[in-house]
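# Breakdown of the fold
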Amino acid sequence: MSSLQCPTTLLLVRHGEAEYEADTWEREGGSLTTLGRRQATELGERLAGRRVAHVWTSTLARAVQTGEIAAAALGVAVTTREGLVEFEPGDLAGTPLSEDPFADTYAAWLAGDLERRVPGGESGAELVARVRRVLDEVADAHRGETVLVVSHGGALRLAVPLLARMDCATHRIANCAVIEVDVDDDGRVCRAWEPAPED
């Protein structure tokens with residue numbers, strides 16, 4: 001990352017509520033529900049006073065839709081990045097959505113075992129590294145600006161505490177909730193993390 005004398009403010013957001021075409025875990029899929037579209041619209045309206053310069057999103061449809069709706073309210077453009085996608089299902093693709101085959105692996109990641117791997121998929125360390133690369137790119141491109149970044153709950157909940165000093169309490173991440181991270185030459189600092197309603 002190049003020198004950042006003026007801090008960049010990253011507003012990291014989980015996509016709006018989504019529904020899925022398949023009833024199994026798949027890499028692709030998911031589009032916003034009516035509620036999800038309303039959440040994305042309200043997100044854009046909430047951020048209208050923040051002078052957001054640009055929106056970056058995961059390449060998955062539910063994130064792109066969220067980013068485009070918010071960007072329309074903010075009057076800014078959207079850029080997609082593969083590195084912001086949710087963790088890969090790997091060999092567990094095709095498992096019914098009613099099951100959670102990732103629970104043990106994700107719990108291990110949160111406990112610090114980042115070398116643990118989703119069977120046929122990525123490790124926690126690989127997930128964090130790809131999110132870091134995108135956030136570094138965004139911060140470099142928007143020095144001194146505020147940027148909206150739309151990603152996914154699993155990726156953000158794991159990566160943010162590992163990539164930023166925490167001046168905030170961590171929580172689960174509700175749809176369209178905002179995690180605010182400042183980036184400058186001294187690194188990344190989490191300034192705010194909107195709690196999920198059940199927290």
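Whatever comes next refers back to the structure up there.
We now turn to the structure provided with this report. (Residues numbered from 1 in each chain as written. Predicted model: local features only at pLDDT ≥ 70, side-chain atom pairs only at ≥ 80, totals over all residues. Heavy atoms only, no water.)

### As for the overall build of the chain
Scanning the chain from terminus to terminus reveals 5 helices and 9 strands. Reading the secondary structure of the chain in the N-to-C direction produces β-β-β-α-β-α-β-α-α-β-α-β-β-β. Taken over the C-alpha trace, the chain has a radius of gyration of 16 Å; the compact-globule value for 199 residues is 16 Å, and the two agree within 12%. Looking at the 199 residues of the chain, the share that counts as buried comes to 50%. A total of about 9,100 Å² of accessible surface is found on the chain, and carbon and sulfur atoms cover 47% of it. The chain carries 20 positive and 33 negative side-chain charges, and their two centres are separated by 4 Å. (Helix = DSSP H or I, 4+ residues; strand = E, 2+ residues; numbered from the N terminus. Rg over C-alpha atoms; globule rule 2.2 N^0.38 Å. Buried < 20%, exposed > 50% of the residue type's maximum accessible area, 1.4 Å probe, protein only. Areas by Shrake-Rupley, 256 points an atom, 1.4 Å probe, with all protein chains shown as cover. Lys, Arg positive; Asp, Glu negative; His and termini not counted. Charge placed at Lys NZ, Arg CZ, Asp CG, Glu CD.)

### Side note on unusual backbone geometry
Residues apart from glycine generally show negative phi values, whereas peptide bonds are mostly found in trans. One non-glycine residue, Arg51, lies in the positive phi region at around 55°. For Cys176, which is not a glycine, the phi torsion comes out positive at approximately 65°. Mapping Cys176 onto the fold places it in the loop between strand E7 (165–166) and strand E8 (178–184). Note on Cys176: relative accessible area 4%, which makes it buried.

### With respect to the state of the cysteines
If you walk through the whole model with that rule in mind, you get 1 disulfide. Between Cys176, a cysteine without a disulfide, and Cys190, which holds the nearest cysteine sulfur, the sulfur-to-sulfur distance is 18 Å. (Disulfide = S-S within 2.5 Å.)

### Let's talk about the pattern of salt bridges
Two side chains that carry opposite charge are able to pair once their charged atoms sit near each other. Going through the model one piece at a time under the given rule, you end up with 8 salt bridges. Linking Arg46 and Glu194 is a salt bridge whose minimum nitrogen-to-oxygen distance equals 2.9 Å. Of this pair, Arg46 sits in helix H1 (residues 34–46) while Glu194 is found in the segment after strand E9 (187–193), placing the two residues 148 residues apart along the sequence. Given a relative accessible area of 44%, Arg46 falls into the partly exposed group. The salt bridge involving Asp167 is made with Arg191; its shortest N-O contact spans 2.8 Å. Remark: Arg191 occurs in strand E9 and Asp167 occurs in the loop between E7 and E8; sequence separation between them is 24 residues. On the accessibility criterion, Asp167 (53% relative accessible area) is exposed. The class of Arg191 is partly exposed, set by a relative accessible area of 44%. If you follow the salt bridges from partner to partner, you end up with Asp167, Asp182 and Arg191 in one network. (Salt bridge = Lys/Arg side-chain N within 4 Å of Asp/Glu carboxyl O.)

### Describing the sheet that holds strand E4 (residues 52–58)
Read across the sheet, 7 strands follow the order E5-E4-E6-E1-E8-E9-E7 without closing on themselves; strand pairing throughout is mixed. If you trace the sheet from one side to the other, it starts and ends with strand E5 (78–81) and E7, each paired once. Relative to E8, strand E1 (residues 8–14) runs antiparallel, the two being bridged by 6 bridges. When the bridges of E8 are listed, Leu11 appears paired with Glu180. Helix H2 (residues 61–74) contacts E4, E5 and strand E6 (146–151) of the sheet and is inclined by roughly 170° relative to E4. Of the strands in this sheet, E1, E4, E5, E6, E8 and E9 are in contact with helix H4 (residues 124–141), which crosses E1 at around 135°. (Pairing = 2+ DSSP bridges. Contact = heavy atoms within 4.5 Å. Axes fitted to C-alpha atoms, helices over the stretch in contact; angles between N-to-C directions.)

### What to know about helix H5 (residues 153–163)
Most of H5 is tucked away, with 8 of its 11 residues classed as buried. Listing the buried residues of H5 in full gives Gly153, Gly154, Ala155, Leu156, Leu158, Ala159, Val160 and Leu163.

### Things to note about the nonpolar core
One finds Leu10, Leu12, Trp109, Val149, Ile179 and Val181 to be the most contacted residues of the largest nonpolar core, which totals 37 residues. Sorting the residues of this core by element identifies E1, helix H3 (103–110), H4, E6, H5, E8 and E9 as the ones contributing at least two each. With 7 residues, H4 is the largest single contributor of residues to this core. In contact with Leu10, other than residues within four places in its own chain, are Leu135, Val138, Val147, Ile179, Glu180, Val181 and Val183. Counting residues in hydrophobic clusters, the runner-up holds 15 residues, among them Leu11, Leu47, Val76 and Leu148. (Core = buried A, V, L, I, M, F, W, Y, C linked by side-chain atoms within 4.5 Å.)

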